[in-house]
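An overview of the molecular structure
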Amino acid sequence: MTTIDSSPDTATESSAIGRLLAADVDWLTSTDHKKVGRLFLGGGLLGLLATVVVNVLIAVERVSGTSATFAEDTWVQLFSAQRFGLVFGAALPLAVGLAVAVTPLQLGARSIAFPRLAQTGFFMWFGGFVLSIVAVASNGGFGDDADMIDLFLAAHVLMALGLAAGAASIVTSVMTTRAPGMTMRRVPFFAFSTLIFGIGLLIVLPILVGALVYLFVDHRSGAGELFADGVSEYALWAFGQPTTFLFAIPVIGLFAELLPTTFRKRTPLRGVVFAGLSLVGVAALAGSTQQTVFDVPWAGSQLYIGGGDDLRQKVEDVAPWAIFHLLPILGAGLIFLMFLFLAKPEKNSRPHLIGAFPFAVFGFGMVLVGMHGAALLPIVDFGLLGTVFDEASLIYVVYGIALGTMGGIVYWAPKLWGVVLDLAKVGLLALLGVTATVLASFPHYIAGFLNQPAGFRVTDNDLQIWNVIVLVGHSLMAVTVLAFIGLLTQSVLGRGDRSAADDPFDAHTIEWATTSPAPTDNFVDVPMITSAEPLLDRKSANDADGSDS
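Numbering of residues starts from 1 in every chain and runs along the sequence as written. Where totals are concerned, whole chains, interfaces and linings use all residues; where local detail is concerned, this predicted model gives features only for residues with pLDDT of at least 70, and gives and counts side-chain atom pairs only at 80 or more. Each side-chain value is derived from all of the structure's non-hydrogen atoms; neither hydrogens nor water enter the calculation.

**Some words on the confidence of the model for the chain**
Per-residue confidence for the chain averages 85 on the pLDDT scale, and 84% of its residues sit at or above 70. Known as pLDDT, the predictor's confidence for each residue is given on a scale from 0 to 100. In what follows, residue pairs with any heavy atoms lying within 4.5 Å of each other are defined as contacts. Throughout residues 293-308 the model reports pLDDT below 50, and contacts reaching past four residues in sequence, or to other chains, amount to 43 contacts.

**Considerations on the packing of helix α5 (residues 146-176) against helix α6 (residues 189-220)**
The description of two helices packed together rests on the angle between their axes and the distance between the axes. Axis definition: a line fitted to C-alpha atoms, limited for helices to the stretch in contact. Angles are taken between N-to-C directions and run from 0 to 180 degrees. What counts as a helix is a DSSP run of H or I of at least four residues, what counts as a strand is a run of E of at least two, and both are numbered from the N terminus. Contact geometry for α5 and α6: axes closest at 8 Å, N-to-C directions at 155 degrees. Between α5 and α6, the angle is such that the two are roughly antiparallel. Judged by the twist between their axes, the crossing of α5 over α6 is left-handed. Each residue is assigned to one of three groups, with Ala, Val, Leu, Ile, Met, Phe, Trp, Tyr, Cys and Pro labelled nonpolar, Asp, Glu, Lys and Arg labelled charged, and all others, Gly among them, labelled polar. When its residues are assigned to classes, the contact of α5 with α6 shows 26 nonpolar, four polar and three charged. For classification purposes, an angle smaller than 35 degrees is called roughly parallel, one larger than 145 roughly antiparallel, one from 65 to 115 roughly perpendicular, and anything else oblique. The crossing is said to be left-handed when, going from far helix to near helix, the turn is anticlockwise and less than a right angle, and right-handed when the turn is clockwise.

**Comments concerning empty space enclosed by the protein**
Here a cavity means grid points, on a 1 Å grid over the protein atoms only, where a 1.4 Å probe fits yet cannot get out; a pocket means an open set of points with protein on both sides within 12 Å along at least five of seven lines; lining residues are those with an atom within 4 Å of a point. Grid points are joined across faces, edges and corners, and a volume is the space filled by probe spheres set on the points. With the rule as written, the count across this model stands at two cavities of 30 Å³ or more. Taken as a whole, the largest cavity holds about 90 Å³ of empty space. If you go around the largest cavity, you meet 13 residues; those closest to its centre are E257, P260, R270, H508 and T509. Take the lining of the largest cavity: its biggest share by element is three residues, from helix α10 (residues 249-263). Residue composition of the lining of the largest cavity, grouped by class: six nonpolar, four polar and three charged.

**Examining the packing of aromatic side chains**
In this analysis, rings of Phe, Tyr and Trp, with Trp reduced to its six-membered ring, are considered paired at centre separations within 6.5 Å, and the interplanar angle assigns stacked below 30 degrees, edge-to-face beyond 60, and tilted for intermediate values. In this structure the tally under the stated criterion is 28 aromatic pairs. When the ring of F84 is compared with that of F152, the centres are 5.0 Å apart and the planes differ by 80 degrees; the resulting orientation is edge-to-face. Here the residue F84 occupies a position in helix α3 (residues 72-107), and F152 occupies one in helix α5, the gap between them amounting to 68 residues. Here's how the labels work: a residue is buried when its accessible area is under 20% of the maximum for its type, exposed when over 50%, partly exposed in between, all with a 1.4 Å probe on protein chains only. Judged by relative accessible area, which is 4%, F152 ranks as buried.

**Overview of unusual backbone geometry**
In terms of backbone geometry, most residues other than glycine have negative phi values and most peptide bonds are trans. The step from Q241 to P242 runs through a cis peptide bond, and the omega angle for that step is 0 degrees. Mapped onto the elements, P242 comes out in the loop between α8 (231-234) and α9 (243-247). For the bond from S516 to P517, the omega torsion is -5 degrees, close enough to zero to count as cis. For P517, the position within the fold is in the loop between α17 (464-493) and α18 (534-548). In this model, R264 sits at a positive phi of 55 degrees, which is unusual for a non-glycine residue. Along the chain, R264 turns up in the loop between α10 and α11 (270-280). Overall, the relative accessible area of 47% leaves R264 in the partly exposed class. Not every positive phi belongs to a glycine, and N451 is a case in point at roughly 70 degrees. Looking at the element boundaries, N451 is found in the loop between α16 (423-449) and α17.

Okay, here's the thing in structure tokens:
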């Protein structure tokens with residue numbers, strides 16, 4: 001038995017309709033990880049766009065103040081769609097999609113492990129996503145229709161199982177399908193980040209499935225006690241901080257991956273980067289223990305959970321906050337220190353700006369700001385619990401994941417589609433995206449300190465300026481996503497004879513040794529890996545041979 005399955009050849013059709021049908025069947029049945037990953041990415045971008053539209057509607061309602069734009073049932077459904085859409089409709093499929101599409105290439109593997117499992121995972125996620133939309137539209141979610149509430153819970157079980165299937169393929173690939181000579185110390189940073197990400201999902205998602213099944217049985221049986229009183233305790237921990245830090249690890253890995261390529265230097269102390277990515281993965285423990293910011297209130301020198309002056313109780317209450325919030329921030333900080341080290345100017349080294357780098361930098365930065373915001377939430381003296389501050393922190397992280405994933409798509413577009421996206425257009429979109437994220441989030445950081453409650457009603461006119469800015473930010477993000485999809489589509493469909501070079505970015509890792517776009521089996525010959533930067537070594541050797549001759 002092998003973890004890699006061959007994909008049957010698609011029958012050739014002579015007619016145009018036959019070729020079109022054959023192409024559709026090939027996409028739906030292909031076990032090529034690059035196609036499966038692109039399906040996840042396409043679904044994630046559509047889910048992101050839909051969720052941004054929901055955010056715009058919520059912002060419109062807040063700007064309306066005391067006058068109601070939507071009926072009360074619609075408010076509830078919009079909030080359900082926002083929270084679950086940000087995580088299960090956007091962040092997770094985007095992160096899983098990029099990992100599935102790229103990780104095997106970085107490993108020098110011909111395929112992803114258990115490709116049919118990854119393919120099945122996409123259809124499970126997509127089916128669950130469609131069913132969850134149907135449930136919310138029919139007053140499910142946290143609405144009043146009992147059958148639609150059951151459908152909403154069942155749909156999320158289906159999505160969680162599908163994403164777990166994709167994670168299992170990713171983790172198994174990194175552990176078992178590496179090219180000869182690629183030890184774990186030589187694994188590229190992005191591939192290592194997907195390993196940590198996948199392991200974290202395999203820890204968190206089964207627990208979430210159990211919690212959702214528990215809620216489903218409780219609600220279906222007619223008791224409803226858990227669903228009414230404990231849904232936040234049993235399930236919402238997976239849709240908020242700090243669990244969502246886990247979903248940002250591939251974006252942090254992408255940022256680390258682009259540093260040596262952009263600054264044309266070898267990365268020293270690779271173990272520091274590995275340690276940083278692993279520390280961010282500690283967020284998975286928050287999910288496994290079902291911890292949220294609401295479970296660890298801390299107020300500097302005074303605790304508000306039954307501790308009094310008991311030092312032991314203080315330590316027991318503060319320890320989860322420090323582990324689940326500060327350790328991931330420390331891990332991201334190590335990656336940032338590596339960025340500062342590599343960005344240090346040198347006489348004989350000039351940076352090579354590539355279109356993906358602004359997206360990666362901004363995505364990493366937004367995630368980091370969201371992490372810091374989440375760390376402030378449990379501090380009771382700030383009075384942020386129950387305000388829009390929590391929502392802003394989540395928006396920072398998810399929009400940061402979206403920007404980083406766009407950067408990954410731009411970077412590996414030559415291998416996935418055989419095109420290089422226009423640098424100027426990509427740079428403008430990155431600037432627009434980070435501006436949108438800041439405008440959609442930071443004003444609610446301020447409004448949180450000014451005690452604007454979470455929800456639609458905003459009775460204080462002094463707070464309306466912040467809600468107006470947030471509305472502008474979400475609107476700009478919708479424009480960013482639409483423009484990015486349009487640019488990618490135009491570049492792929494209008495490629496013509498302008499195929500990308502095999503290594504257009506002068507990169508260091510082995511995926512750039514194959515053709516652009518990469519063939520179904522990725523490599524003509526399985527590469528032999530002799531260092532952490534095999535392609536850079538090969539170029540150095542060729543330059544040396546040329547100079548000797």
